[in-house]
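Okay, here's what each chain looks like letter by letter:
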Amino acid sequence: MADHINLKDLPTEGERLDFNKVSRYAVMLLGAGGIGLIVSIILLFIPATQKAYGFSWLLGTVFFFTIAVGGIFWTLLHHASNSGWGIAVRRVFERVGSMIWLPGVLMLPLFLISPVKHSLWHWTEIEDNANDKAAQQQTIDNYQAKHDALVAEYQETVKEATAAGNLNEAKMAEAEIAKIGEFDESKIAGKIIKDKDAILYGKHGYLNQPFMWARYISFFVILTFIIFQMRKWSTTQDETGGLKLTFRMRRAACGFLPLFAVAMTFGAIDWVMAIDHHWFSTMYGVYFFAGSALSGMAVIILVVTMLRNLGYLRKVVTVEHYHIMGKLMFAFVIFWAYITFSQFFLIWYANITEETKYFLIRNTEFWNYASIALVVCHFVIPFILLLPAWMKRTPRYLAFMACYVIVVHLLDVYLMIIPMRGPIVASNYVIPGAIIGDLFAVVTVGCLVAGGFLYSLRKYSLFPCRDPRLLESVNAHN
Amino acid sequence: MNTGIKKVYGYLARFETATALYKAAAKVRDKGFKKWDSYSSFPIHGMDDAMGLGRSKLPFFVFFGGAAGLFTAIALQFGTQVYLYPTVVQAKPANLFTIPAYFPVMFELTVLLSAFTTLFGMLALSQLPRFNHPLFESKQFARATDDGFFIAIEARDPRFNREQTKEFLEEIGGTDVELVEEQL
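Predicted model only: the values in this text are computed from it and were never measured. (Residues numbered from 1 in each chain as written. Chains lettered and ligands numbered in written order. Predicted model: local features only at pLDDT ≥ 70, side-chain atom pairs only at ≥ 80, totals over all residues.)

Engineer: Looking at this model, I keep getting lost on the overall build of chain A. Mind explaining?
Structural biologist: The number of helices and strands found in chain A is 21 helices and zero strands. Each principal axis of the C-alpha atoms in chain A carries an extent, and together these give about 110 × 50 × 45 Å. Within chain A, buried positions represent 37% of all 478 residues. Put simply, of all contacts in chain A between residues at least 6 apart along the chain, 83% involve residues at least 24 apart. (Helix = DSSP H or I, 4+ residues; strand = E, 2+ residues; numbered from the N terminus. Buried ≥ 20, exposed ≤ 12 C-beta atoms within 10 Å, placed from the backbone. Contact = placed C-beta atoms within 7 Å.)

Right under this line is the structure:
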């Protein structure tokens, strides 16, 4: 341990980012993002483009949502597992995670603009139509006609039976009429959706708009609260020091993890899986999570590399940290493949009609090339490239791999969302210019998130300078 | 069987603490000894570097073990169910596109043979299991499983010298330096 680092070697007050170094980029990013945002809002309001662009905008926001969720996950896991090595890079975890509020806010137009909402989540359209007065009256009339016909039939029976002297049968028919009772309009209310979409009727307890709004708001409030609270404790420790906050964060992280899991899983189900409300997969939450944790770690590696290139964290983050982060990224490449394959495999093998729909779209014709590319580029290539230890111990190379992983993760999210834009059997179905819209939305949200992220770096030290176990992390070894 | 013939195995020196052992090991490494080892009752973090061991050769073998498992699985499944006797199960085609059905076995055999190679490769590389070790001749060496920290420099090492090595071990803080002789 010749290169053992002592507290004397580290700046006691931590390192603060000299914002002048990055202010130019931050302003440029936010400027470009702002212009993009205005254009996007306009595109979301123009009837000709809003349906196609709604999917693009969902892609952009969900993509950065997954990255921020990854940041939250690594923060919580770091504390819950009482990890020692991660202290040096913990602040980066927290910073990446605390961008979660921005995709949440940017997602808002999708819920507010009715035609966009209807094209994205078709079930909302069915529900809104069911609430339509004329449609309601129509359904009520239909049911009333059915009711009256049934009652008339029994009355006919009563009449015939009485004429024939069959009193027993007449009594039974009268009992039936009493059982059917008067026509009651209020009982029909729930059946309107049943008429339109029987599957949605079964899921209506979950898929209804008041509950959807409640979930959308509460999930983002929960996730934002979790990460802001963790960051607050962590930055308070920069001033006070001591073990008390370390213990508190560890305890809190264990409590936050289930909350985080629920918010993330049902968020994925609400915004992505519910695009096709007939389809379901019990693995969807964990599938979404695998990609989130992977891309979150990739972004963390990139941010650490950026800060080191700017001249920070030089003594705190060593090649050992890169090795560990590389191993975690590698692990989640495999975990993603495992989960994705499990989801595909069970559906493919069982071959049950209501489940195969998802892969019927994605594994036929045009989208099949993208799906096969996903298998090769998201698993085979990074698996081989990240396998040797020296590759994980070369920061420049690992940063390149992190960029690569982010790009293929974009392809993954793209395949979750975009195929649903076309008709169900999409034989080379392309909306002209839609792919430009997709890229534009991703770049716009990316500019806003990256700009906001650079601004968030101004405050606080770049590493937890008074964490009692900082030296354990700085001298980490694996 | 005791033949009465003895052969010098090497010097054994005891250290009081794990830290002392760690620092002494770094000095032995810097002196240029190759045939030597350190003994303690628990793993000491960073000892690989202090002893200058470098990376293990094991991953190299494990890669081939895993690859052998993978190709065994491919051969057994594709060979039997696609080439020799094409079998249609659950309306799945008997060609390359049935490959998802074969993944579980491919995965399991890769893991199984990797694990076997790791376990038996580790045993082979550390020359285990063995019935005896020359150091068992030393009475104090029993403490290696309790509270003793030892360094043994073998006589096979080209730098070994009866006087100088003993002095060297005492110099770096070893106590109870003992010449271990094995029975032939």
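Engineer: How should I be thinking about the overall build of chain B in this particular structure?
Structural biologist: The helix and strand tally for chain B stands at five helices and four strands. Listing every helix and strand of chain B by position from the N terminus yields β-α-β-α-α-α-β-α-β. Principal axes of the C-alpha set define a box for chain B whose edges measure 80 × 40 × 30 Å. When burial is assessed residue by residue, chain B has 20% of its 184 residues classed as buried.

Engineer: Whenever I open this one, helix H2 (residues 47–80) of chain A confuses me. Can you help?
Structural biologist: Helical geometry note: an α-helix holds 3.6 residues per turn, so side chains three or four residues apart project in the same direction. Residues and elements named next belong to chain A. With 34 residues, H2 extends 48 Å between its outermost C-alpha atoms, agreeing within 8% with the 50 Å of an ideal straight helix rising 1.5 Å per residue. In terms of burial, H2 is largely enclosed, as 27 of its 34 residues are buried. Taken from the residues just after H2, asparagine 82 is the one with a positive phi, measuring 55°. (Expected span 1.5 Å × (residues − 1).)

Engineer: Honestly, the nonpolar core in this entry has me stumped. Any pointers?
Structural biologist: Among soluble globular proteins, nonpolar side chains are generally buried collectively. Counting residues in each nonpolar core, the largest one holds 114 residues, and the members touching the most others are A:Met297, A:Ile300, A:Met329 and A:Ile417. Per-element tally for this core: the top contributor is H2(A), with 17 residues. Mapping this core onto the domain boundaries places at least three of its residues in each of domain 1 (14–121 + 208–474) and domain 2 (129–196) of chain A. Residue contacts for A:Ile417: discarding those within four places in its chain leaves A:Phe55, A:Leu58, A:Leu59, A:Val62, A:Val272 and A:Ile275. Of all hydrophobic cores here, the second largest spans 20 residues; its members include B:Leu21, B:Ala25, B:Phe33 and B:Ala152. (Core = buried A, V, L, I, M, F, W, Y, C linked by C-beta atoms within 7 Å. Domains from an automatic or database assignment.)

Engineer: What exactly am I supposed to notice about the pairing of strand E2 (residues 36–39) of chain B here?
Structural biologist: Side-chain direction in a regular strand flips from residue to residue, so the side chains alternate between the two faces of the sheet. Residues and elements named next belong to chain B. Residues Trp36 and Ser38 point to one face of E2 and are all buried, whereas Asp37 and Tyr39, pointing to the other face, are not buried. As paired strands, E2 and strand E3 (residues 149–154) are joined by four bridges and run antiparallel to one another. Of the residues in E3, the one forming a bridge with aspartate 37 is alanine 152. (Pairing = 2+ DSSP bridges.)

Engineer: Help me understand the environment of A:Tyr284, please; the structure alone is not making it clear to me.
Structural biologist: Residue and element names in this part refer to chain A. Note on placement: tyrosine 284 falls in helix H14 (residues 284–309). Judged by C-beta crowding, with 19 C-beta atoms within 10 Å, tyrosine 284 ranks as partly exposed. In the structure, tyrosine 284 is positioned 73 residues away from phenylalanine 211 in sequence and 20 Å away in space, judged by C-alpha atoms. Those residues within four positions of tyrosine 284 in sequence are excluded, and the remaining contacts are Ala268, Ile269 and Met273.

Engineer: Looking at this structure, how should I read unusual backbone geometry?
Structural biologist: Backbone torsion omega between B:Leu128 and B:Pro129 reads -10°, so that peptide bond is classified as cis. Relative to the elements of secondary structure, B:Pro129 occurs in the loop between helix H4 (99–125) and E3. One non-glycine residue, A:Tyr460, lies in the positive phi region at around 65°. Along the chain, A:Tyr460 turns up in the loop between helix H20 (434–456) and helix H21 (470–474). You will see that B:Gln127, though not glycine, has its phi angle at about 55°, which is positive. Examined against the element boundaries, B:Gln127 turns out to sit in the loop between H4 and E3.

Engineer: Looking at this structure, how should I read the pairing of E3(B)?
Structural biologist: All names here are of chain B. In terms of burial, E3 is a largely internal element, five of the six residues being buried. Relative to E3, strand E1 (residues 6–15) runs antiparallel, the two sharing six bridges. Counterpart to phenylalanine 15 in the pairing with E3 is phenylalanine 149.

Engineer: In this structure, what is going on with the domain arrangement of chain A? I would like to understand it.
Structural biologist: Accessible area lost on assembly of the parts is the figure often given for the size of an interface. Annotation of chain A at the domain level lists domain 1 (14–121 + 208–474) and domain 2 (129–196). A C-alpha centroid distance of 54 Å is found between domain 1 of chain A and domain 2 of chain A.

Engineer: Looking at this structure, how should I read the environment of A:His277?
Structural biologist: Residues and elements named next belong to chain A. Relative to the assigned elements, histidine 277 resides in the loop between helix H13 (244–271) and H14. A count of 18 C-beta atoms within 10 Å places histidine 277 in the partly exposed class. Taking the C-alpha atoms as reference points, histidine 277 and tryptophan 121, separated by 156 residues in sequence, lie 7.7 Å from one another. Sequence-distant contacts of histidine 277, that is, excluding residues within four places in its chain, are made with His122, Trp123, Leu200, Lys203 and Leu207.

Engineer: Explanation requested: the sheet that holds E3(B) in the structure shown.
Structural biologist: By definition, the strands of a sheet pair up through backbone hydrogen bonds, in either a parallel or an antiparallel sense. Residues and elements named next belong to chain B. Reading across the sheet, the four strands line up as E2-E3-E1-E4 and stay open at both edges, with antiparallel pairing between neighbours. Of all the strands in the sheet, the pair left with one neighbour each is E2 and strand E4 (175–183). Neighbouring strand axes in the sheet, compared pairwise and without regard to direction, differ in orientation by 25° on average. Each of E1, E3 and E4 touches helix H5 (residues 164–171); the most contacted strand, E1, lies at about 15° to it. (Axes fitted to C-alpha atoms, helices over the stretch in contact; angles between N-to-C directions.)

Engineer: What should I look at first to understand the interface of chain A and chain B in this one?
Structural biologist: Listed as interface residues are eight residues of chain A and, on the opposing side, six residues of chain B. Across the side of chain A that touches chain B, the residue classes break down as six nonpolar, two polar and no charged. (Nonpolar A, V, L, I, M, F, W, Y, C, P; charged D, E, K, R; others polar.)

Engineer: How should the packing of helix H17 (residues 365–386) of chain A against helix H19 (residues 395–417) of chain A be read in this particular structure?
Structural biologist: Residues and elements named next belong to chain A. Contact geometry of H17 with H19 gives a least axis separation of 10 Å together with a crossing angle of 155°. What the angle tells us is that H17 and H19 run roughly antiparallel. Seen along the crossing, H17 lies across H19 with a hand that is left-handed. Touching Ala370, Ser371, Ala373, Leu374, Cys377, His378, Pro382, Leu385 and Leu386 of H17 are Met401, Tyr404, Val405, Val408, Leu411, Asp412 and Leu415, all from H19. (Parallel < 35°, antiparallel > 145°, perpendicular 65-115°, else oblique. Left-handed = near helix turned anticlockwise from the far one by under 90°.)

Engineer: Is there a simple way to explain the environment of B:Ile5 in this structure?
Structural biologist: Take B:Ile5: it is sitting in the segment before E1. Once the C-alpha coordinates of B:Ile5 and B:Leu184 are considered, the two residues, 179 residues apart in sequence, prove to be 5.7 Å apart.

Engineer: Would you explain helix H3 (residues 58–84) of chain B in this entry?
Structural biologist: Residue and element names in this part refer to chain B. Counted at 1.5 Å a residue, the expected span for H3 with its 27 residues is 39 Å, and the 37 Å between its end C-alpha atoms agrees. Of the residues making up H3, those classed as buried are Gly65, Gly69 and Ala73. Where H3 is buried, its residues meet H4.

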